[in-house]
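# Residue-level structural notes
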Protein chains: 2
Amino acid sequence: MTKERRTRQRALVLEVVQSSDDHPTAAQIFQRVRRRYPGIAYATIYNALRWLVNRGEITEYTFGDAAARYDRNPHRHHHALCTHCGQLFDVEVRLPKQILQQASRRTGMKITAHHIQFLGLCSRCAT
Amino acid sequence: MTKERRTRQRALVLEVVQSSDDHPTAAQIFQRVRRRYPGIAYATIYNALRWLVNRGEITEYTFGDAAARYDRNPHRHHHALCTHCGQLFDVEVRLPKQILQQASRRTGMKITAHHIQFLGLCSRCAT
DNA sequence: GTTACTGCAAAGTCTTTGCATGCGG
DNA sequence: CCGCATGCAAAGACTTTGCAGTAAC
């Protein structure tokens, strides 16, 4: 059994992610946590994020750009990325069951999850 | 205007990607090209890949893991990733128009593209 | 002949690791 | 007290950049 420790650092990382609605990267989380806990190490942020992801408390997503982004909302939902300003929005849509069945049939895989990335221009960049 | 040059290196990179059905990473492409052109530099692979992506001859995708993968098939299609062995399959399914309209309405964005990632276990890993 | 591309190495970005110290249980 | 997590720095994986020389046209 793994003994689990709720440390000040992990609590702070979780708190920061939960209070962010902009899907921050590890670097942004580091900066925000450091404002309240200046001595914290970068590695601790990564450790805490991985721990939280494994426990299902937050979710990690990667998009075309380099850094992974973290999401406070652990249930499955989808995302729309503005290709101009990089802003990321949550999208609540449901993929019809038949599409999942099609995907499963055509690949021979047992599909357990899916994620849709929408790309386009946000209302501010579209003008 | 930018004058475009078809060089031996770029031709080889394109040829390697087009003859690969396994969505290779830059490192794999590098190895495969180097078998036929031993002196080629890593940077040249990246330059060639970016050039080919910009011209629309190949497509770049990023998944959870570190390295980008390149796809010989430039038309829009979707992917299924085996979370056990990492193998990536093409998936041909069509997202219903109403889902795109919903996404657009709910985010206020002008959606120009989308990509579905299916996750699960391939037939070999599922047993 | 120009000028864009290559090859090389070095730097840059994001993430992980090794190890001594320290805190949580 | 024991062991996991932290903090620090260094390494690791992937990608980009600067620049001199070379090849495409």
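In this report, the structure presented in the accompanying data block is examined. Keep in mind that this is a model prediction, so the values were computed, not measured. (Residues numbered from 1 in each chain as written. Chains lettered and ligands numbered in written order. Predicted model: local features only at pLDDT ≥ 70, side-chain atom pairs only at ≥ 80, totals over all residues. Heavy atoms only, no water.)

## With respect to the interface of chain B and chain A
- Each partner contributes to the interface: chain B provides 36 residues, whereas chain A provides 36 residues.
- Taken together, both faces of the contact between chain B and chain A bury some 2700 Å²; the carbon and sulfur share is 65%.
- Of all residues in chain B, Met 109, Phe 118 and Leu 119 of chain B give up the largest surface area on contact with chain A, accounting jointly for 20% of the area buried on that side.
- Taken together, the connections running from chain B to chain A amount to 0 salt bridges.
- Our count for the contact surface shared by chain B and chain A stands at 12 residue pairs in polar contact (both at pLDDT 80 or more).
- Of all the secondary-structure elements, those providing two or more residues to the side of chain B that touches chain A are strand 3 (78-82), strand 4 (88-91), helix 4 (97-107) and strand 5 (110-121) of chain B.
- Broken down by element, the residue count for the side of chain B that touches chain A peaks at 12 residues, all from strand 5 of chain B.
- Within the side of chain B that touches chain A, the residues separate by chemical class into 20 nonpolar, 11 polar and 5 charged.
- Across 11 bridges, strand 5 (residues 110-121) of chain A lies against strand 5 of chain B in antiparallel orientation. (Contact = heavy atoms within 4.5 Å. Buried area = accessible area lost by both parts, 1.4 Å probe. Salt bridge = Lys/Arg side-chain N within 4 Å of Asp/Glu carboxyl O. Polar contact = N/O pair within 3.5 Å; in protein donor to acceptor, adjacent residues only side chain to side chain. Helix = DSSP H or I, 4+ residues; strand = E, 2+ residues; numbered from the N terminus. Nonpolar A, V, L, I, M, F, W, Y, C, P; charged D, E, K, R; others polar. Pairing = 2+ DSSP bridges.)

## Section: the protein's contact with DNA strand C
- Contacts to DNA strand C come from 19 residues, most closely from Tyr 46 of chain A together with Arg 5, Gln 9, Arg 10 and Tyr 37 of chain B.
- In the interface set of DNA strand C, defined as its atoms within 4 Å of the protein, sugar plus phosphate atoms amount to 70%.
- The separation between a sugar or linking oxygen of DNA strand C and a polar side-chain atom of Gln 9 of chain B is 2.8 Å.
- Secondary-structure elements contributing two or more residues to the surface near DNA strand C are helix 3 (42-54) of chain A together with helix 1 (8-18) and helix 3 (42-54) of chain B.
- For the surface near DNA strand C, the class distribution of residues is 10 nonpolar, 4 polar and 5 charged. (Near = heavy atom within 4 Å.)

## What to know about the side chain of His 78 of chain B
All names here are of chain B.
- Looking at the element boundaries, His 78 is found in strand 3.
- Within the structure, the side chain of His 78 is placed 3.0 Å from the backbone nitrogen of Ile 116, a separation counted as a polar contact.
- Among all residues touching His 78, those that are not within four sequence positions of it are Phe 89, Asp 90, Val 91, Val 93, His 114, His 115, Ile 116 and Phe 118.

## Re the side chain of Gln 117 of chain B
- Position of Gln 117 of chain B among the secondary structure elements: in strand 5.
- Excluding its chain neighbours within four sequence positions, the residues that come into contact with Gln 117 of chain B are Ala 113, His 114, His 115 and Gln 117 of chain A together with Thr 62, Phe 63 and His 79 of chain B.

## A word on the protein's contact with DNA strand D
- Taken together, 19 residues surround DNA strand D, and among them Arg 5, Gln 9 and Tyr 37 of chain A together with Tyr 46 and Ala 68 of chain B come closest.
- What you see for DNA strand D is that sugar and phosphate hold 67% of its atoms within 4 Å of the protein.
- In this structure, a phosphate oxygen belonging to DNA strand D sits 3.1 Å away from a side-chain N or O atom of Arg 10 of chain A.
- Interatomic distance of 3.4 Å between a side-chain N/O atom of Arg 5 of chain B and a base nitrogen of DNA strand D.
- The element contributing the most residues to the surface near DNA strand D is helix 3 of chain A, with 3 residues.
- Here the residues of the surface near DNA strand D sort into 10 nonpolar, 5 polar and 4 charged.

## So, the packing of aromatic side chains
All names here are of chain A.
- Evaluated as defined, the whole model comprises 6 aromatic pairs over all chains.
- Seen from their ring centres, Phe 30 and Tyr 42 are 4.3 Å apart, and the 25 degrees between their planes marks the pair as stacked. Placement of Phe 30 in helix 2 (residues 26-36) and of Tyr 42 in helix 3 is noted, with a sequence separation of 12 residues between them.
- On the basis of relative accessibility, which here comes to 11%, the residue Phe 30 falls in the buried class.
- The interplanar angle of 20 degrees and the centroid separation of 5.6 Å between the aromatic rings of Tyr 42 and Tyr 46 together place this pair among those described as stacked. On the criterion of helical spacing, the pair formed by Tyr 42 and Tyr 46 is a turn pair, its members being 4 residues apart in helix 3.
- Since its relative accessible area comes to 35%, Tyr 42 is described here as partly exposed.
- Among the aromatic side chains, those forming a connected cluster through ring pairs are Phe 30, Tyr 42 and Tyr 46.
- Sitting above the plane of the Trp 51 ring, Arg 10 keeps its charged end 4.2 Å from the centroid. (Phe/Tyr/Trp six-rings, centres within 6.5 Å; stacked < 30°, edge-to-face > 60°. Buried < 20%, exposed > 50% of the residue type's maximum accessible area, 1.4 Å probe, protein only. Lys NZ or Arg CZ within 6 Å of the ring centre and 35° of its normal.)

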